[in-house]
Structures are given as structure tokens and as C-alpha cells.
Amino acid sequence: MADLILHHYPSSPFSEKVRVAFGLKQLAWKSVVIPNIMPKPDLMPLTGGYRKTPVLQVGADIYCDTQLIMLEIERRYPKPPLLPVGQEGEARALAMWIDRTIFWSAVGVVMGAIGGQLPEAFKKDRSDFSGRSFDADRLKAMQPFAREQTHAQLVLAEQMLRDGRPFLLGAVPSLADCALWNPVWFLQVRMGAGDTPSPLDRCPKIVEWSHRMKAIGSGKPAEMTGAEALDVAKAATPESAKIDDKDPSGLKAGQKITVTPDDTGKVPVTGTLVGLSNERISIIRSDERVGDIVVHFPRAGFLVQPA
Ligand SMILES: N[C@@H](CCC(=O)N[C@@H](CS)C(=O)NCC(=O)O)C(=O)O
């Protein structure tokens, strides 16, 4: 089977969500470390403009957004499952809530604490990325509010663990745990054991759970360079994708479209529609460095428009 190649950087919390899934499934994978700000010259030929972290590559197929990356890992390596039988919807809904709500509150907490120490290039990049000026003084002033908001959300997960279950959906870890690990890990590694209060201070069950999550590890990574990953893509042929003709969007195979995230890093990717389901939308594009490449996105959270 073709290698799983993760384009990521060590301090990226959304990447940690995927790395812990590799740990759960004890998978071997290739690790390509990308810059944490633009430009990302070895990533753009693969994604066609999508700039967020992480990105999963398998040959000439590129999977954007952890929502889809996790489903793709599950499809290729179903055991042990990230989506427990009968609880697939619960696991995905919890992950969506955590990714879209808790994560951003936790960013407010961390950036309020360390924003002033970050390089100007990072602040400028994140202003472009989010469409809002990165103002370290404002973030610092708002930090107590962000902390309360994060706690008010985390407490719901804390409540789930109060009956003594080891993981959010029961006896074994699932996608929901990988998703919660993202902001919890971020708070733990970036806030450290310093003097600044953390929203986790009042969540003892989550802290206990975090020790179990940490023990899962990250599977078996092996380093790969960006150039090697581009060579892999060039030598491979994209897998065939399927179009659901009854999709209510009315989108048709062969149509030229753009796909754009609806929240941050809103860079449109242009290509020809080759795959469509409830879950994903796939476009083929050609790049002079890598040849034909198929880029896959989740449906939720992405805007699709005629090119
Ligand atoms: N919805 C995306 C969010 C990914 C995201 O926001 N990642 C952060 C890093 S953890 C990012 O892309 N930051 C800007 C960058 O790395 O250039 C996903 O689930 O993958």
C-alpha cells in the first residue's frame, strides 16, 4: 500500500489530532515538516493553494482538512476504529464541535498568554490567515474572557468523563478523543506549568484523560523531505473517484470549480470535478512539478463555486 505522508509541523495542534490517530492505529507514516507560515513552496504544487496544516498525501491524492483526513485514514486502515460502530455520528459531531468551537477559544487563551513573544512575520501571517489583525495587546486583554469561554466548553467534556469512563464515548478512544486532544494538548504544551491560569485547572477528569491520550503516541513516523514527497506524487496516478449524480448541488463531472474554506486561510483551489459524495468533493488539477493530482476536501465548511 502507498505510504501515508503527513505534511505538518511539530507545534501544530490540528496535526497532533492526526498524529494521535496514527498512534491509535499503530501506523507507519512519512513525516514532511512544512513551514508554519507562508510561503510553503513544496506544499502548493500538491494542494493548488490550500495552505492550512496538516495535509495528508497518498501518492497523487491529497486530502485537505482533518475532518476528511481522519475519515480517509479510517477508510484505509479501519482497525481499531476511530468511528465506533453505532456511534459514528456522535464521534463526528463531537469532533466538529471541538474543532470549530473549543479550539478557537483555546487559541485565544494561548495567544493571549504568549502573543507578545511571537515574531512579527508570524503575526502578519496569522492576520492574513484569519482576516483579523493579530493584536497581541488586545489578545492579552481578552485572555481572561477566552479562558472562561474555553472552560465553559471544556466542562461539557469533563461532564462526560465524570461517570468514570476512560474515553469520551466509552471504553476505547475514538475520533472524538483525537479531536479533544488537539486543544487540550495545545493548552498543555503552550501554557506549560507557568503562573498563568489555564482553563484545564478546573477540569481534573480531562487532565487524567490527557495522560491516557499522551500514552497513545504517534505511531511510527519516518522523515521525508518536501522534494521527495513531490517526486512520490509525480510518479503516482491518482485513485479513481466517484460522482453521486443525485447530489442536490447539481454539480456535474467535468465541471470547472473552485473550493474554498469558509473560515480561515480562504484561498480558492481550482480544478475539474471528479468526485462527489455527502462527505467529500474531489477535483483534478495539473501542476508542472507533479503532473495530475486529485485534491479532496470535506463538504462541511467548504464553499464550492463555478470557476
Ligand atoms: N479545519 C482545519 C483547520 C486547520 C488549521 O487551522 N490548522 C492551523 C495549524 S494547527 C493552520 O493551518 N495554521 C496556519 C498554517 O499552518 O499555515 C482542519 O481541520 O484541518
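Residues numbered from 1 in each chain as written. Predicted model: local features only at pLDDT ≥ 70, side-chain atom pairs only at ≥ 80, totals over all residues. Heavy atoms only, no water.

Novice: Hey, could you run me through the packing of helix α4 (residues 88-114) against helix α7 (residues 175-191) in this one?
Specialist: If you want to describe how two helices pack, look at the angle between their axes and the distance between the axes. Interhelical geometry of α4 versus α7 gives an angle of 5 degrees and a closest axis separation of 8 Å. Taken together, α4 and α7 sit at an angle that is classed as roughly parallel. (Axes fitted to C-alpha atoms, helices over the stretch in contact; angles between N-to-C directions. Helix = DSSP H or I, 4+ residues; strand = E, 2+ residues; numbered from the N terminus. Parallel < 35°, antiparallel > 145°, perpendicular 65-115°, else oblique.)

Novice: How should I be thinking about α4 in this particular structure?
Specialist: Taking 1.5 Å as the rise per residue, α4 with 27 residues should run 39 Å; its terminal C-alpha atoms sit 37 Å apart, in good agreement. Along α4, the largest kink reaches about 35 degrees and is centred on isoleucine 98. (Expected span 1.5 Å × (residues − 1). Bend = angle between axes of the 7 residues up to and from the residue.)

Novice: Explain the packing of helix α1 (residues 13-24) against α7 here, please?
Specialist: Running from N to C, α1 and α7 cross one another at 135 degrees; their axes reach a closest spacing of 8 Å. It follows from the interaxial angle that α1 and α7 lie oblique. As for how α1 packs across α7, the hand of that crossing is right-handed. Listed contacts from α7 to Pro13, Phe14, Glu16, Lys17, Arg19, Val20, Ala21 and Leu24 of α1 are Leu175, Cys178, Ala179, Trp181, Asn182, Trp185 and Phe186. (Left-handed = near helix turned anticlockwise from the far one by under 90°. Contact = heavy atoms within 4.5 Å.)

Novice: Before we go on, may I ask you to explain the site of the ligand in this structure?
Specialist: Of all residues adjacent to the ligand, which total 13 residues, the nearest are Tyr9, Lys40, Arg51, Thr53 and Thr66. A distance of 2.6 Å separates an oxygen atom of the ligand from a polar side-chain atom of arginine 51. Within the side chain of threonine 66, one N or O atom sits 2.6 Å away from an oxygen atom of the ligand. Computed on the free molecule, the ligand has an accessible area of 500 Å², of which 94% lies beneath the protein chains in the complex. Under a 2 Å grid-point criterion requiring more than half of the atoms, the pocket assigned to the ligand is the largest pocket. Residue assignment for the shell around the ligand shows that the elements contributing at least two residues are α1 and α5 (120-130). (Near = heavy atom within 4 Å. Polar contact = N/O pair within 3.5 Å; in protein donor to acceptor, adjacent residues only side chain to side chain. Areas by Shrake-Rupley, 256 points an atom, 1.4 Å probe, with all protein chains shown as cover. 1 Å grid on protein atoms, 1.4 Å probe; cavity = no way out; pocket = protein on both sides within 12 Å on 5 of 7 lines; lining within 4 Å. Sits in = over half its atoms within 2 Å of the grid points.)

Novice: Help me understand the domain arrangement of the protein in this model?
Specialist: Often, the extent of an interface is quoted as the loss of accessible area on bringing the components together. When cut into domains, the protein gives domain 1 (5-80 + 222-306) and domain 2 (88-215). Sorting the residues of domain 1 by area buried against domain 2 places Pro13, Phe14 and Lys17 first, and these three jointly supply 25% of that buried surface. Between the two partners, domain 1 and domain 2, sit five salt bridges. Linking aspartate 263 and arginine 100 is a salt bridge whose minimum nitrogen-to-oxygen distance equals 3.6 Å. Applying the counting criterion to the domain 1 and domain 2 interface returns nine residue pairs in polar contact (both at pLDDT 80 or more). Elements with a contribution of two residues or more to the side of domain 1 that touches domain 2: α1 and α3 (66-76). Sort the elements by how many residues they give to the side of domain 1 that touches domain 2 and α1 lands first, with eight residues. (Domains from an automatic or database assignment. Buried area = accessible area lost by both parts, 1.4 Å probe. Salt bridge = Lys/Arg side-chain N within 4 Å of Asp/Glu carboxyl O.)

Novice: For this particular structure, what's the right way to read the packing of aromatic side chains?
Specialist: To describe a pair of aromatic rings, you give the distance between the ring centres and the angle between the ring planes. Enumeration over the complete set of coordinates arrives at nine aromatic pairs. Ring geometry for tryptophan 181 versus tryptophan 209: centroids 6.2 Å apart, planes at 70 degrees, classification edge-to-face. One end of the pair, tryptophan 181, is in helix α7; the other, tryptophan 209, is in helix α8 (residues 204-216), with 28 residues separating them in the sequence. With respect to class, tryptophan 181 is no different from tryptophan 209; both count as buried. (Phe/Tyr/Trp six-rings, centres within 6.5 Å; stacked < 30°, edge-to-face > 60°. Buried < 20%, exposed > 50% of the residue type's maximum accessible area, 1.4 Å probe, protein only.)

Novice: Before we go on, may I ask you to explain the layout of surface pockets in this structure?
Specialist: Once rolled over the atoms, a probe with the size of a water molecule shows which space is left empty. Its boundaries defined by the atoms lining it, the largest pocket holds a volume of some 1200 Å³. Forming the walls of the largest pocket are 43 residues, and the residues nearest its centre are Phe103, Trp104, Val107, Phe129 and Thr264. Within the residue set of the lining of the largest pocket, elements represented by two or more residues are α1, α3, α4, α5, α6 (136-161) and α7. Ranked by the residues each element gives to the lining of the largest pocket, the list is headed by α4, at nine residues. Classifying every residue of the lining of the largest pocket gives 20 nonpolar, 12 polar and 11 charged. Looking at the lining of the largest pocket, you find at least three residues from each of domain 1 (5-80 + 222-306) and domain 2 (88-215). Of the volumes computed, that of the second largest pocket is approximately 250 Å³. Around the second largest pocket, the lining comprises 16 residues; the ones closest to its centre are Ser240, Ala241, Lys242, Arg280 and Ser282. (Points joined across faces, edges and corners; volume = space filled by probe spheres on them. Nonpolar A, V, L, I, M, F, W, Y, C, P; charged D, E, K, R; others polar.)

Novice: Looking at this structure, how should I read the sheet that holds strand β3 (residues 55-58)?
Specialist: Hydrogen bonding along the main chain pairs the strands of a sheet, whether they run parallel or antiparallel. With mixed pairing, the 10 strands of this open sheet are ordered in space as β5-β2-β1-β3-β4-β9-β8-β7-β6-β10. Looking at which strands have only one partner, the edges of the open sheet turn out to be β5 (220-223) and β10 (302-306). Between one strand and the next, the sheet's axes are offset by a mean angle of 35 degrees, whatever the strand orientation. Those strands touched by α1 are β1 (5-8), β2 (28-33) and β3, and its axis lies near 155 degrees from that of β1. (Pairing = 2+ DSSP bridges.)

Novice: What's the story with the pattern of salt bridges in this structure? I'm lost.
Specialist: Two side chains bearing opposite charge may form a pair once their charged atoms approach each other closely. This structure, assessed with the given rule, holds 23 salt bridges. The residue arginine 299 makes a salt bridge to aspartate 247 at a minimum N-O spacing of 2.9 Å. Residue arginine 299 is found in the loop between β9 (291-298) and β10, and its partner aspartate 247 is found in the loop between α9 (226-235) and β6 (256-261); the two are separated by 52 residues along the sequence. On the basis of relative accessibility, which here comes to 7%, the residue aspartate 247 falls in the buried class. A network of salt bridges, in which partner residues are shared, links Glu72, Arg75, Arg76, Glu239 and Arg280.

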